Amino acid sequence: MKRLAILTSGGDAPGMNATIRAILNKSAHHDIEIVGVNYGFLGLVCKNFTSLDSERVNSSIAMGGTLLYSSRYPEFADEEVQLKAIENLKEAKIDGLIVIGGCGSQNGALALANLGFPTIGIPATIANDIPGTEFTIGFDTAVNTVVSALDKIRDTANSHVRTFVIEVKGLRSGDLALWSGVAGGAESILIPEQTLDIAHVANKIKQSVERKKKHCLIVLAEGVMSASELTAKLKDEGVLHIREVELGHVPRGGSPSTYDRVLASKAGANAVNLFLEEQFGTCLCIQHNKLIPISLKDALDIEKNFIDLSLSPLNASISY
């Protein structure tokens, strides 16, 4: 019987549990034993392996977070630490590893693959910051959570005739801010992929006031600056009646959307197929609306997957 390990790493994302469930259920049809790794890459080094109960996993499809837990473990960038993890995997007679997580997690998966261990990646992060895929597991749920928050904030912004700066996650990628801002009717969306012009944003707010608009919403990706910093700069530009809201970790939680559950189920089942076909060093990505395996190296290559924002149909709504 072959043994396949699963770990979740980095920031949790809705749909991680649905992915684990799909892997477990698909493996059951092929006589593959599934081993869970608690606390991500740290668990690999500490030999924190666990058996997964099918009843517990199957009931987790609607649960946010990750039943395998997660952690930040920057020490895994050290090759000696990576080799220790591989030694532990081989000692446990594990034949392959599926890594569920974002950019840092997939870089860890790539490192193990480069050292010769059979590894497969599944992108799961609310930031949607894996260059090789159009969507990651958890992104759709997070966008809906932010849009719901924007709808509520608009009510109070309109009642008090105020401008609100809403900060969301996104250090390297502005996708969460962009999608939620467009869907939430924000006046300005500020993302790390574009140069920020504070004076331009301030003038837009003032023009809205002159048009007798009762409120303004500005969605800000954390990679640009903090909400409090932007609010202070806008006040210096003469913007009055402004408040900030930091949504922080809120969009990470909650029950995954239908889209994320289906994507997670497809990705989990396909990852087991890749294991059976020995297509290692690959990452399951969505390209042209199809779930396909590409090399982990290509999935993480920003230049290879660069998209000019000026050509994006969403760009027209970033500032108007």
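Read on for a plain summary of the structure. Quick caveat: nothing in here was measured; it's all calculated off a predicted structure.

Brief notes about the overall build of the protein chain
Logical step 1: Counting its regular elements, the protein chain contains eleven helices and eleven strands.
Logical step 2: In terms of overall dimensions, the protein chain has C-alpha extents of about 70 × 40 × 35 Å along its principal axes.
Logical step 3: Out of the 320 residues in the protein chain, the part that is buried amounts to 51%.
Logical step 4: The long-range fraction of contacts in the protein chain, counting pairs at least 24 apart against all pairs at least 6 apart in sequence, stands at 73%.
Logical step 5: By element, 51% of the accessible surface of the protein chain is carried by carbon and sulfur atoms, the whole surface being about 14,400 Å².
Logical step 6: In the protein chain, 30 positive and 36 negative side-chain charges are present, and the distance between their average locations comes to 6 Å.

Observations concerning the sheet that holds strand E2 (residues 32–37)
Logical step 1: Taken in spatial order, the seven strands of this open sheet run E3-E2-E1-E4-E5-E10-E11, and their pairing is mixed. At either end of the open sheet lies a strand with only one pairing partner, and these are strand E3 (49–51) and strand E11 (290–295). Shown here is a sheet whose adjacent strand axes are inclined to one another by a mean of 30°, direction ignored.
Logical step 2: Strand direction decides the pairing type here: strand E1 (residues 2–9) and E2, joined by six bridges, are parallel. Within the sheet, the bridge partner assigned to Arg-3 lies in E2 and is Glu-33.
Logical step 3: Sheet contacts for helix H10 (residues 258–276): E1, E2, strand E4 (96–101), strand E5 (119–123), strand E10 (282–287) and E11; angle to E10, the most-contacted strand, approximately 140°.

Some words on the packing of helix H6 (residues 139–160) against helix H7 (residues 175–183)
Logical step 1: At a minimum axis distance of 9 Å, the contact between H6 and H7 shows a crossing angle of 50°. Between H6 and H7, the crossing angle belongs to the class labelled oblique. H7 is crossed by H6, and the crossing has right-handed handedness. Contacts between H6 and H7 involve Phe-139, Ala-142, Val-143, Val-146, Val-147 and Leu-150 from the former and Asp-175, Leu-176, Trp-179, Ser-180, Gly-181 and Ala-183 from the latter.
Logical step 2: Its residues assigned to classes, the contact of H6 with H7 shows nine nonpolar, two polar and one charged.

With respect to the environment of Gly-108
Logical step 1: Among the secondary structure elements, Gly-108 is positioned in helix H5 (residues 103–114).
Logical step 2: We classify Gly-108 as buried; its relative accessible area is 7%.
Logical step 3: The sequence separation of Gly-108 and Pro-123 amounts to 15 residues, and the corresponding C-alpha distance is 12 Å.
Logical step 4: Non-local contacts of Gly-108, meaning those with residues more than four positions away in its chain, are made with Phe-41 and Phe-76.

Observations regarding helix H8 (residues 198–210)
Logical step 1: Counted at 1.5 Å a residue, the expected span for H8 with its 13 residues is 18 Å, and the 19 Å between its end C-alpha atoms agrees.
Logical step 2: Buried within H8 are the following residues: Ile-198, Val-201, Ala-202, Lys-204, Ile-205 and Ser-208. Taken down its axis, H8 places every buried residue within 155° of arc, on the same side.
Logical step 3: Close packing links the buried residues of H8 with strand E6 (163–168), strand E7 (188–190), strand E8 (216–221) and helix H9 (227–236).
Logical step 4: In this structure Asp-197 caps H8, since a side-chain oxygen of it lies 3.2 Å from the backbone nitrogen of Ala-199.

Quick look at the packing of aromatic side chains
Logical step 1: Evaluation of the coordinates by the stated rule reveals eight aromatic pairs.
Logical step 2: Between the aromatic rings of Tyr-39 and Tyr-69, the centroid separation amounts to 5.1 Å while the plane-to-plane angle is 15°, which identifies the pairing as stacked. Of the two residues, Tyr-39 sits in the loop between E2 and helix H2 (40–45) while Tyr-69 sits in the loop between helix H3 (54–58) and helix H4 (79–91), which places them 30 residues apart along the sequence.
Logical step 3: We classify Tyr-39 as partly exposed; its relative accessible area is 36%.
Logical step 4: Aromatic pair Phe-135 and Tyr-259: ring centres 6.2 Å apart, planes at 75°, arrangement edge-to-face.

A closer look at unusual backbone geometry
Logical step 1: Phi at Asn-128 takes a positive value of approximately 55°, unusual for a residue other than glycine.
Logical step 2: Its place among the elements puts Asn-128 in the loop between E5 and H6.
Logical step 3: Residue class for Asn-128 comes out buried when judged on its relative accessible area of 5%.
Logical step 4: Although it is not a glycine, His-241 adopts a positive phi angle of roughly 50°.
Logical step 5: Mapped onto the fold, His-241 is located in the loop between H9 and strand E9 (242–246).
Logical step 6: Exposure remark for His-241: the relative accessible area of 55% places this residue in the exposed category.

What counts as what
- Residues numbered from 1 in each chain as written.
- Predicted model: local features only at pLDDT ≥ 70, side-chain atom pairs only at ≥ 80, totals over all residues.
- Heavy atoms only, no water.
- Helix = DSSP H or I, 4+ residues; strand = E, 2+ residues; numbered from the N terminus.
- Buried < 20%, exposed > 50% of the residue type's maximum accessible area, 1.4 Å probe, protein only.
- Contact = heavy atoms within 4.5 Å.
- Areas by Shrake-Rupley, 256 points an atom, 1.4 Å probe, with all protein chains shown as cover.
- Lys, Arg positive; Asp, Glu negative; His and termini not counted.
- Charge placed at Lys NZ, Arg CZ, Asp CG, Glu CD.
- Pairing = 2+ DSSP bridges.
- Axes fitted to C-alpha atoms, helices over the stretch in contact; angles between N-to-C directions.
- Parallel < 35°, antiparallel > 145°, perpendicular 65-115°, else oblique.
- Left-handed = near helix turned anticlockwise from the far one by under 90°.
- Nonpolar A, V, L, I, M, F, W, Y, C, P; charged D, E, K, R; others polar.
- Expected span 1.5 Å × (residues − 1).
- Arc of directions from axis to C-beta.
- Polar contact = N/O pair within 3.5 Å; in protein donor to acceptor, adjacent residues only side chain to side chain.
- Phe/Tyr/Trp six-rings, centres within 6.5 Å; stacked < 30°, edge-to-face > 60°.

Note that all results are geometric; they support no functional claim without further evidence.
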